[in-house]
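These are the residues of each chain, in order.
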Amino acid sequence: MKKWLVTTDAAVSLEQLRDKLAPLGCTVDADYRPVPLGETEIVYGVLGPADLADTLAGDDMVTDVCPNEEMSLY
Amino acid sequence: MSKISVLIEIADKRSDSFAMHRSAMSSEMESTTQSEALGKSLAKLGLDIQGDFAPVPMFTKDSSEKAVASLSFADFASPTVNADAPSDTHVICAHIDHSNLDKLTKHEDVAAVWPNAKMTLFGNGDGDMAPPTDIETLFGWPSSRGGLDCRPFRDGVDIATIRDRLGVQSIWEDGFHGQNIVVGIIDEGVNGDVYPVIGGSDLSQIRPPGAAPITSHGSMCAADILVAAPAAQLYDYPFLGVPDSGGMLQMFQLVLEQRRQDGTPHLTNNSYGFTGVPPQSEAPRHPIWDRNHVQHRKVLEVIASGAAAFFAAGNCGQECPSGNCHSSGIGPERSIHASNSLDEVVTVAAVNAHHQRVGYSSQGPGMFATDKPDIASYTHLFGNFGPGRPGGFAQPYDNGTSAATPVAAGVAALLLCAFPDLTAPELKDALIAGAMSVGPIGFDHDHGHGIVNAAASYNILSNSQIMMV
């Protein structure tokens, strides 16, 4: 499983997103506090398969799927 | 009869004077050809033309104020290549019999003749003692030639030395110590028992602001901010676990929320990033390749709110990269990337107190904005770590571009204290304008625009304020 940052319209509820992603083998990270992006979008932490970005491309509920990549302290 | 050495100014209008002279300087044969051509009409006077003297173009007819004022050389002050310039005369060097000097002076092609007077280098004549040759020893300031510091690195220095290099004393004397400025540290946490943490992340009960050990990376950043701005205050935004895009996104959102509430923090310090570059074909949405990644968008939102973001260049420089670096991310063009290479942030490279680039400091061009890093700043100092410091000897000294970045952020805090209305772009411009070039003049991909200098930036801002009044 890979960590993802999934962006939806702010009007989409957490339950709607869960329902959308569960059949794809994803779980919304309950410990990740969703982050508003601009005034109309919200970003959720999601665990899902490596091809999730391709699977959700063009989806009308999800506006963006970015990898949540690990970094290092310099 | 003995011959004398003279300088002969010959009428010779040219439009390519600089090119002609450069050509003569690069080849003695060309120099001889030019000199003989210029002196051709004087052959009957028995001139012994000095072919190794490259003819020098002259652009003024005399030394009067009017003649000098007519020149258009003021444009040469700009750091760009200017057009060649037309000259009226050229000077060649020749030996001539004294008896022919009068004829030479009156020759129709000759504008003037001067003695080629011998000069002497001034000195005390004492050549027995070998003088010191180290600029820092001789003049009390590191050489502006720059250089490189690789393993084993030179010793660390105390913060008094770094403060001297930054020139903070004169700013402190004007009453500015960074008071009323808050810096947000996004890192692994800061020790609030020692450092002035007054707020930050509320995401975790396990690691509230200020709860990190004194040996933490974030505590090192805190110490280094206080080098220039000892009265600054801190917000602590600790990553929960391994730093990642999602954690960074959350921390920057907390910064944005705080700024919405009360306009603080005034700037952020970010001493973290990636250490390798995945193939674009395999990871096109990775933050290194995708400028629209949400982590970058959130950073830009915070900068748009007025808070400058300072990012470390990284520790994957070509000459002696950190052991953490993946081979895909070492050296020029590959080691400054993701948010750390956004045009809008201030990207900080690292030098030691001797103005030598530390060989692990990542090098531009950046993978988003090519003109990276923006500036260099000091590392290898006894801030949090080292003799008599709070972090003890867990590390020999504060190190990495991780340390250089908060030193620069501290300078920014000091400037903001003195000029609180500065926007984030204006603050960045002031740091760049005051930066001290090492090595080649101007921008380079090792040091950016040069080493941060608080006094110079402060004076530039002060003068600009006076001009506005």
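As a reminder, the structure under discussion sits directly above these lines.
Residues numbered from 1 in each chain as written. Chains lettered and ligands numbered in written order. Predicted model: local features only at pLDDT ≥ 70, side-chain atom pairs only at ≥ 80, totals over all residues. Heavy atoms only, no water.

Of regular secondary structure, chain A possesses two helices and six strands. Each helix (α) and strand (β) of chain A, taken in turn from the N terminus, gives the series β-α-β-β-β-α-β-β. Expected size for 74 residues packed as a compact globule is a radius of gyration near 11 Å; at 12 Å, chain A falls within 12% of this value. A principal-axis box enclosing the C-alpha atoms of chain A has dimensions of 40 × 30 × 25 Å. Expressed as a percentage of the 74 residues in chain A, the buried residues total 46%. Contacts in chain A between residues at least 24 apart in sequence constitute 70% of all its contacts with a sequence separation of at least 6. Approximately 3,700 Å² of chain A is accessible, and the part contributed by carbon and sulfur atoms is 50%. Across chain A, the centroid of the 5 positively charged side chains sits 6 Å from that of the 14 negatively charged ones. (Helix = DSSP H or I, 4+ residues; strand = E, 2+ residues; numbered from the N terminus. Rg over C-alpha atoms; globule rule 2.2 N^0.38 Å. Buried < 20%, exposed > 50% of the residue type's maximum accessible area, 1.4 Å probe, protein only. Contact = heavy atoms within 4.5 Å. Areas by Shrake-Rupley, 256 points an atom, 1.4 Å probe, with all protein chains shown as cover. Lys, Arg positive; Asp, Glu negative; His and termini not counted. Charge placed at Lys NZ, Arg CZ, Asp CG, Glu CD.)

Okay, the pattern of salt bridges next. For the structure shown, the criterion picks out 20 salt bridges over all chains. Residues joined in a network through salt bridges with shared partners are Glu 41 and Asp 64 of chain A together with Arg 285, Asp 290 and Arg 297 of chain B. (Salt bridge = Lys/Arg side-chain N within 4 Å of Asp/Glu carboxyl O.)

The next thing to look at is the state of the cysteines. One way to say it: the disulfide is the covalent bond shared by the sulfur atoms of two cysteines. All names here are of chain B. Within this structure, the stated rule accounts for two disulfides over all chains. Two residues share a disulfide in this structure: Cys 150 and Cys 320, whose sulfurs sit 2.4 Å from each other. Across the S-S bond linking Cys 150 and Cys 320, the dihedral sits near -100°, which makes this disulfide left-handed. Note that Cys 150 is positioned in the loop between strand S6 (148-149) and strand S7 (157-158) and Cys 320 in the loop between strand S13 (308-312) and strand S14 (346-351), a separation of 170 residues in sequence. You can call Cys 150 partly exposed: its relative accessible area is 23%. By relative accessible area, which is 5% here, Cys 320 ends up buried. Across chain B, the way the bonded cysteines pair up, counted in sequence order, is 1-3, 2-4. The thiol of Cys 221 is unpaired, and the distance to the nearest cysteine sulfur, on Cys 316, comes to 17 Å. (Disulfide = S-S within 2.5 Å.)

The next thing to look at is the packing of helix H8 (residues 217-228) of chain B against helix H11 (residues 401-418) of chain B. To describe two helices that pack against each other, one gives the angle between their axes and the distance between the axes. Residues and elements named next belong to chain B. The N-to-C vectors of H8 and H11 enclose an angle of 40°; their axes lie 7 Å apart at closest approach. Relative to H11, the element H8 lies oblique. As H8 runs across H11, the sense of the crossing is right-handed. Packed against H8, whose contacting residues are His 217, Met 220, Cys 221, Asp 224, Ile 225 and Ala 228, the element H11 presents Ser 402, Ala 403, Pro 406, Val 407, Gly 410, Val 411 and Leu 414 at the interface. Here the residues of the contact of H8 with H11 are counted per class, giving nine nonpolar, three polar and one charged. (Axes fitted to C-alpha atoms, helices over the stretch in contact; angles between N-to-C directions. Parallel < 35°, antiparallel > 145°, perpendicular 65-115°, else oblique. Left-handed = near helix turned anticlockwise from the far one by under 90°. Nonpolar A, V, L, I, M, F, W, Y, C, P; charged D, E, K, R; others polar.)

Now for the interface of chain B and chain A. Many structure descriptions define interface size as the accessible area lost when the parts assemble. Each partner contributes residues to the interface: chain B has 40 residues there, and chain A has 22 residues. Of the roughly 2,600 Å² buried between chain B and chain A, counting both surfaces, carbon and sulfur atoms make up 59%. Linking chain B with chain A are five salt bridges, by the criterion used here. For the salt bridge of Asp 64 of chain A with Arg 297 of chain B, the shortest nitrogen-to-oxygen distance reads 4.0 Å. For the interface between chain B and chain A, the tally reads 19 residue pairs in polar contact (both at pLDDT 80 or more). Secondary-structure elements contributing two or more residues to the side of chain B that touches chain A are helix H9 (245-262), strand S12 (272-273), helix H10 (294-304) and H11 of chain B. Taken together, the residues of the side of chain B that touches chain A break down into 12 nonpolar, 20 polar and eight charged. Relative to S12 of chain B, strand S6 (residues 72-73) of chain A runs antiparallel, the two being bridged by two bridges. Counted as the bridge partner of Leu 73 of chain A is Tyr 272 of chain B from S12 of chain B. (Buried area = accessible area lost by both parts, 1.4 Å probe. Polar contact = N/O pair within 3.5 Å; in protein donor to acceptor, adjacent residues only side chain to side chain. Pairing = 2+ DSSP bridges.)

Worth remembering: the numbers are spatial, not functional.
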